[in-house]
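Structural characterization, general
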Amino acid sequence: MFDIDGIYSSQNDRRWAVNRLAADINGGIRQKRVSPLVIFEDGTVYHDRYIKEVLPAALKSGHNTFGADWTFQQDGVKPHIHAKSQEWCEKHFPCFIDKDHWPPSSPDLNPLYYCIWDELAHQVNWDAVTSKTTLINEVKRAVRKVSLDVVFESCSSWTNRLYRLPQFKGNYLR
């Protein structure tokens, strides 16, 4: 097996099968999806609302997309770093990088920052956005158009970057 990064990726496996059911039985790849949007019509998102409305949606989507073997990470906004949010994440996610172990200001290690948000922004028809309602509708439409290849490629890249971090003692951009 040859791989430029030297890291095995089961995403590159292919299975021959006569139909979808046979492929699934033999470990074939199922169609995946981008996580649903959580839109707040009013109010501010504090840790309690974040725990109640966002984290369960992220957990469900993560399990549906990646199964039981995945890592959840956040940035440093207050609802994310609140002690109760951190506790909830530690308790519920299969793997979680807490606020004390995630490198600060690391957009290059976050697939949302360097890839998926860019793809989402390109899918939005900005000429159609004339109000909050049209913005919400356009973002919902754009999320459905984000390429699954982009999602998987960015997650794979994130895994490779995270893997290399300890190898270079944090100086992964040599």
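Now for a description of the structure that goes with this document. Computed from a predicted model, the values in this text were never measured in an experiment. (Residues numbered from 1 in each chain as written. Predicted model: local features only at pLDDT ≥ 70, side-chain atom pairs only at ≥ 80, totals over all residues. Heavy atoms only, no water.)

What follows is about the packing of aromatic side chains. Taken as a whole, this structure holds four aromatic pairs when the rule is applied. Relative to Phe93, the ring of Trp70 has its centre 5.4 Å away and its plane inclined at 80°; by these criteria the two rings are edge-to-face. Placement of Trp70 in the loop between helix H2 (47-66) and helix H3 (78-81) and of Phe93 in the loop between helix H4 (83-92) and helix H5 (111-123) is noted, with a sequence separation of 23 residues between them. With relative accessibility at 9%, the residue Trp70 sits in the buried group. (Phe/Tyr/Trp six-rings, centres within 6.5 Å; stacked < 30°, edge-to-face > 60°. Helix = DSSP H or I, 4+ residues; strand = E, 2+ residues; numbered from the N terminus. Buried < 20%, exposed > 50% of the residue type's maximum accessible area, 1.4 Å probe, protein only.)

Here we come to the pattern of salt bridges. Counted by the stated rule, this structure contains three salt bridges. Two residues, Lys99 and Asp100, come together in a salt bridge whose shortest N-O distance is 3.3 Å. Exposure remark for Lys99: the relative accessible area of 43% places this residue in the partly exposed category. By relative accessible area, which is 60% here, Asp100 ends up exposed. (Salt bridge = Lys/Arg side-chain N within 4 Å of Asp/Glu carboxyl O.)

Turning our eyes to something else, we now look at H2. Along H2, the sharpest kink reaches roughly 35°, centred on Val54 and followed within four residues by the proline Pro56. Every buried residue of H2 is accounted for by Arg49, Tyr50, Ile51, Val54, Leu55, Ala58, Leu59, Ser61, Gly62 and Thr65. Buried positions along H2 lie against H3 and H4. Phi for Gly67, located one or two positions after H2, is positive at around 80°. (Bend = angle between axes of the 7 residues up to and from the residue. Contact = heavy atoms within 4.5 Å.)

A separate point is the packing of H2 against H4. Two elements in contact, H2 and H4, have axes whose closest approach is 10 Å; the angle formed by their N-to-C orientations is 25°. Our classification of the angle between H2 and H4 gives roughly parallel. The handedness of the crossing between H2 and H4 is right-handed. The residues of H4 that touch H2, namely those facing His47, Tyr50, Ile51, Leu55, Pro56 and Leu59, are Lys84, Ser85, Trp88, Cys89 and His92. (Axes fitted to C-alpha atoms, helices over the stretch in contact; angles between N-to-C directions. Parallel < 35°, antiparallel > 145°, perpendicular 65-115°, else oblique. Left-handed = near helix turned anticlockwise from the far one by under 90°.)

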